[in-house]
Amino acid sequence: KILDWRISLDGIDPWLCRMHRSGVCIIYTPLGQTVLLLVCLAGLSGLGLQFSQMRSVLHEFQAGWKFWLFLIPGFLASILFHEAAHAFTGKAFGYKIPRAGIGWYWLGPIAFVDTSDLWLAPKRQRIAVSLAGPYSQLVCAGICVFLATILQKGELAAGAWVLALGLYITALFNLNPLLEYDGYYMLMDYLEIPNLRQKSLLCLRQALKDPRKIKDHRSELAYSLGSMICAAGTVALVAFGLLLLGRI
């Protein structure tokens, strides 16, 4: 219970509706989406063009209070923006978001919103709501790259670079369909196979007993094999990291 807990707040839909009408709806106009896309592309381009500058900044700085003052609130804000993106995208399509909350899952804080009202929504809308979370992280990362470019050196610049890198890595994890994050739900909605992971493992078990069933469940079998490879790769990376730490 200490490592996995949730606190939820019910009845937030009217509040989200007011915020959406008060200005958040601008984000979902063609102009708003164009601006967000440009921020994402500019951030990725800036990261590539200034990679050597980033390395020198991170190599020279020492983590002081300014660094943590930027990094910790920025990380927590990115979690809230991630879930807010899910919620307001659902509102943009006209669905209710009855509750939201915060919690802790093993090693870090989490936030969540209830998007169960979208379960019967068209496939395209469900995928868009899932994509909104990691997309918001790419936007936030682009803003961090812009701040780091302006600051150039020092603890705040280092904090902006570290936060940008963390957001890019987290977005990749969230988009990975082999992990049960946003990318998994996007793939599940695209294939229209509820409980894809459980069904894939069940199909694999049945195929091992009767190989003739392989041709009837190729997508599920491919997903289950990919999930196991991903899990093995993650364990190998963690073991390699622990080995490196042991040598330091």
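Note that the structure is predicted; figures quoted are calculated from it, not measured.

Conventions adopted
- Residues numbered from 1 in each chain as written.
- Predicted model: local features only at pLDDT ≥ 70, side-chain atom pairs only at ≥ 80, totals over all residues.
- Heavy atoms only, no water.
- Helix = DSSP H or I, 4+ residues; strand = E, 2+ residues; numbered from the N terminus.
- Buried < 20%, exposed > 50% of the residue type's maximum accessible area, 1.4 Å probe, protein only.
- Areas by Shrake-Rupley, 256 points an atom, 1.4 Å probe, with all protein chains shown as cover.
- Lys, Arg positive; Asp, Glu negative; His and termini not counted.
- Charge placed at Lys NZ, Arg CZ, Asp CG, Glu CD.
- Core = buried A, V, L, I, M, F, W, Y, C linked by side-chain atoms within 4.5 Å.
- Contact = heavy atoms within 4.5 Å.
- Disulfide = S-S within 2.5 Å.
- Salt bridge = Lys/Arg side-chain N within 4 Å of Asp/Glu carboxyl O.
- Pairing = 2+ DSSP bridges.

Undergrad: Please give an account of the overall build of the protein that cites residues and values.
TA: Each helix and strand counted, the protein has nine helices and three strands in total. With the C-alpha coordinates aligned to their principal axes, the bounding extent of the protein is approximately 60 × 55 × 40 Å. Out of the 248 residues belonging to the protein, those deemed buried represent 36%. With the model as given, the accessible surface of the protein reaches about 15,600 Å², and the carbon-plus-sulfur share is 69%. Each charge sign in the protein was given a centre, from 22 positive and 15 negative side chains, and these centres are 3 Å apart.

Undergrad: Now, about the side chain of His-82: what can you tell me, with residues and values included?
TA: Mapped onto the fold, His-82 is located in helix α4 (residues 65–92). Given a relative accessible area of 7%, His-82 falls into the buried group.

Undergrad: Give me the nonpolar core: which residues, what numbers.
TA: Grouped together as the largest cluster of nonpolar side chains are 18 residues, with contacts concentrated most on Trp-161 and Leu-167. Mapped onto this core, the elements with two or more residues apiece are α3 (51–60), α4, α5 (123–151) and α6 (155–175). It is α6 that contributes the most residues to this core, eight residues altogether. Look past the residues within four positions of Trp-161 in its chain and what remains in contact with it is Gly-46, Leu-47, Gln-50, Met-54, Val-57, Leu-58, Val-145 and Ala-148. With 12 residues, the next largest nonpolar core counts Phe-88, Tyr-95, Ile-97 and Leu-118 among its residues.

Undergrad: How would you sum up the state of the cysteines? Please name residues and give values.
TA: Enumeration over the complete set of coordinates arrives at zero disulfides. Here Cys-25 is not cross-linked by a disulfide; its sulfur's nearest cysteine counterpart is in Cys-17, at 12 Å. Residue Cys-40 stays outside any disulfide, its sulfur separated by 9.2 Å from that of Cys-140, the closest cysteine.

Undergrad: Before we move on, could you go through the side chain of Glu-83 and cite the residues and values that matter?
TA: Relative to the helices and strands, Glu-83 is located in helix α4. Buried charged residue Glu-83 carries no salt bridge. Nearest counter-charge: Arg-6, at 9.8 Å. Filtering out sequence-adjacent residues up to four positions away, Glu-83 remains in contact with Ala-111, Phe-112 and Val-113.

Undergrad: Can you explain unusual backbone geometry? Please cite residues and give values.
TA: At Glu-192, a position not held by glycine, the phi torsion is positive, near 55 degrees. Here Glu-192 lies in the loop between α7 (182–191) and α8 (196–209). Under the relative-accessibility criterion, Glu-192 is labelled exposed at 53%. Phi is positive for Asn-195, which is not a glycine, with a value near 50 degrees. Note that Asn-195 resides in the loop between α7 and α8. Relative accessible area serves as the criterion here: at 46%, Asn-195 is assigned to the partly exposed category.

Undergrad: Kindly report on the pairing of strand β2 (residues 99–105), identifying the contributing residues and their values.
TA: Judged from the seven bridges that link them, strand β1 (residues 4–10) and β2 form a sheet pairing that is antiparallel. Of the residues in β2, the one forming a bridge with Ser-8 is Gly-101. As defined by bridge partners, β2 adjoins strand β3 (residues 108–113) across six bridges and the pair is classed as antiparallel. Note on β3: the bridge partner recorded for Ile-102 is Ala-111.

Undergrad: Tell me about the pattern of salt bridges, residues and numbers included.
TA: Tallying each qualifying case throughout the model produces four salt bridges. For Asp-114, the salt bridge is made with Arg-99, and the minimal N-O distance between the two is 3.5 Å. You can see Asp-114 sitting in the loop between β3 and α5 and its partner Arg-99 sitting in strand β2, a full 15 residues away along the chain. Here Arg-99 falls in the partly exposed class, since its relative accessible area comes to 31%.

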